[in-house]
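Fold and contact review
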Amino acid sequence: QRRIAEETKAARAAEKSEDEARSVLREVNAEWDFERKRYASCEEERAEVEQLLAEVRAELQAQQQLNEEHASARAAQAAELRKRKELQRALATQNAERDLRLEVDAVRREVAREAEKIQTELACF
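Residues numbered from 1 in each chain as written. Predicted model: local features only at pLDDT ≥ 70, side-chain atom pairs only at ≥ 80, totals over all residues. Heavy atoms only, no water.

1. Considering the overall build of the protein chain
Helix and strand counts for the protein chain stand at one helix and zero strands. For 125 residues, the compact-globule formula gives about 14 Å, and the C-alpha radius of gyration of the protein chain, at 53 Å, lies well above that figure. On the principal axes, the C-alpha backbone points of the protein chain span a range of 180 × 15 × 10 Å. Taken as a whole, the protein chain presents about 12,000 Å² of accessible surface, with 55% of it coming from carbon and sulfur. (Helix = DSSP H or I, 4+ residues; strand = E, 2+ residues; numbered from the N terminus. Rg over C-alpha atoms; globule rule 2.2 N^0.38 Å. Areas by Shrake-Rupley, 256 points an atom, 1.4 Å probe, with all protein chains shown as cover.)

Here it is in structure tokens:
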């Protein structure tokens, strides 16, 4: 009877150990499932972040291209503005030269008239 009691006690202890081992195994499996799901979720987030990063890089590159195009356009506009100013200065110079020639021609005509007058007056004497 003692042996039966000891065997029963040992069997109960073995069952208890087995139950505890199963319980620990369930906990470990539950933690493993949780970590696996968390890892999968992190992988999805990483993939999304990588996609966003690729999009941001593409947008940045496009913006840099636009900035370069705008800078080039501004440089072309500045060159065109300088050219226009040079043309305006050249035109102003030509106009000033023409006005001066007209004034010189007018003075020459007046001098010629005065000289003719003087010659006519001298011829009368």
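Following the structure, the description resumes.
2. What to know about the pattern of salt bridges
Following the criterion strictly, the structure yields ten salt bridges and no others. As a salt-bridge pair, Glu-7 and Arg-3 come within 4.0 Å of each other at their nearest N and O atoms. Taken together, the residues span about one helical turn, with Glu-7 and Arg-3 both in helix α1 (residues 2–124) at a distance of four residues. Judged by its relative accessible area of 47%, Glu-7 falls in the partly exposed class. According to the relative accessible area criterion, Arg-3 is exposed, its value standing at 61%. Note that Arg-46 and Glu-43 form a salt bridge whose closest N and O atoms lie 2.8 Å from each other. Here Glu-43 and Arg-46 lie together in helix α1, a separation of three residues that amounts to about one turn. (Salt bridge = Lys/Arg side-chain N within 4 Å of Asp/Glu carboxyl O. Buried < 20%, exposed > 50% of the residue type's maximum accessible area, 1.4 Å probe, protein only.)

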